[in-house]
Amino acid sequence: MSMSAERDDELQDELLRRVVDELRRPVRLDPTLDLRVLRAIREPAPARPARPWLRPAWVAAALAAGVMIAVGLQSRDRPSSSPTTVASPAATPFAESTRPVYLRLDAPASSRVSVVGDFNDWDPSATPLSPTGDRGVWTVELRLKPGRYHYTFLIDGRRWAGDPSEPRAPESDFGAPVSVLTVS
């Protein structure tokens, strides 16, 4: 052992000794602390405040609002005799804030392919891909808001496949190959 290594060991030993001594020193608590804590535990709980939202007027208003919503939803489903103006997809705020994204996967000899990701709550039945005229090629168009998305393909309901055209996520919570898609 060299001279400097011995000195390092001595410094570490001295530091360790001082830390241990500090941890062994007794802690002095306020002698009335136990009494105050026990008194607080034994006292009855304070009365609960009144619930102003549970007054009859508020309940009646909430019920009336519920009925109005139900009637509005019911009348929406009935055909109307008056002409209806339909906004074009480009004019809707949702369409303006989303971008078309096309996913493609070569999966020959597959009977079904779907994409699952954080854009569809990882639901295997939410976004199926369609076979194209090319043998074994599956595609889907998604409408996504700008952002970063994690996803993977599910082939025939049992085999996971990452997207070969997008980078892989650094880690996967479930062991499936997860790809990262950035929509700008």
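No experiment lies behind these values; they were computed from the predicted model shown.

The next point concerns the packing of aromatic side chains. According to the stated counting rule, one finds three aromatic pairs in the structure shown. Ring plane angle 70° and centroid distance 6.1 Å describe the contact between phenylalanine 119 and tyrosine 149, whose orientation is recorded as edge-to-face. Placement of the pair is phenylalanine 119 in the loop between strand S2 (113-117) and strand S3 (130-131) and tyrosine 149 in strand S5 (residues 147-155), with a sequence separation of 30 residues. Ring geometry for phenylalanine 119 and tyrosine 151: centres 6.3 Å apart, planes at 50°, overall tilted. Pair noted here: phenylalanine 119 is in the loop between S2 and S3 and tyrosine 151 is in strand S5, with a separation of 32 residues, a long-range link. Taking relative accessible area as the criterion, tyrosine 151 reaches 0% and is therefore assigned buried. Each residue in the set Phe119, Tyr149, Tyr151 and Phe153 is aromatic and connected to the rest through ring pairs, giving one cluster.

As enumerated under the stated definition, the model contains three salt bridges in all. Measuring nitrogen to oxygen at the nearest pair gives 2.5 Å for the salt bridge that ties arginine 17 to glutamate 14. Placement of both arginine 17 and glutamate 14 in helix H1 (residues 3-24) is noted, with a separation of three residues, approximately one turn of the helix. The exposure class of glutamate 14 is partly exposed, given its relative accessible area of 34%.

Right, let's talk about the confidence of the model for the chain for a bit. Looking at the chain, the pLDDT average stands at 76 and 67% of residues meet or exceed 70. Overall, residues 78-92 carries pLDDT values under 50, and its contacts beyond four positions in sequence, including any with other chains, amount to five contacts.

Conventions we followed
- Residues numbered from 1 in each chain as written.
- Predicted model: local features only at pLDDT ≥ 70, side-chain atom pairs only at ≥ 80, totals over all residues.
- Heavy atoms only, no water.
- Phe/Tyr/Trp six-rings, centres within 6.5 Å; stacked < 30°, edge-to-face > 60°.
- Helix = DSSP H or I, 4+ residues; strand = E, 2+ residues; numbered from the N terminus.
- Buried < 20%, exposed > 50% of the residue type's maximum accessible area, 1.4 Å probe, protein only.
- Salt bridge = Lys/Arg side-chain N within 4 Å of Asp/Glu carboxyl O.
- pLDDT = per-residue confidence, 0-100.
- Contact = heavy atoms within 4.5 Å.

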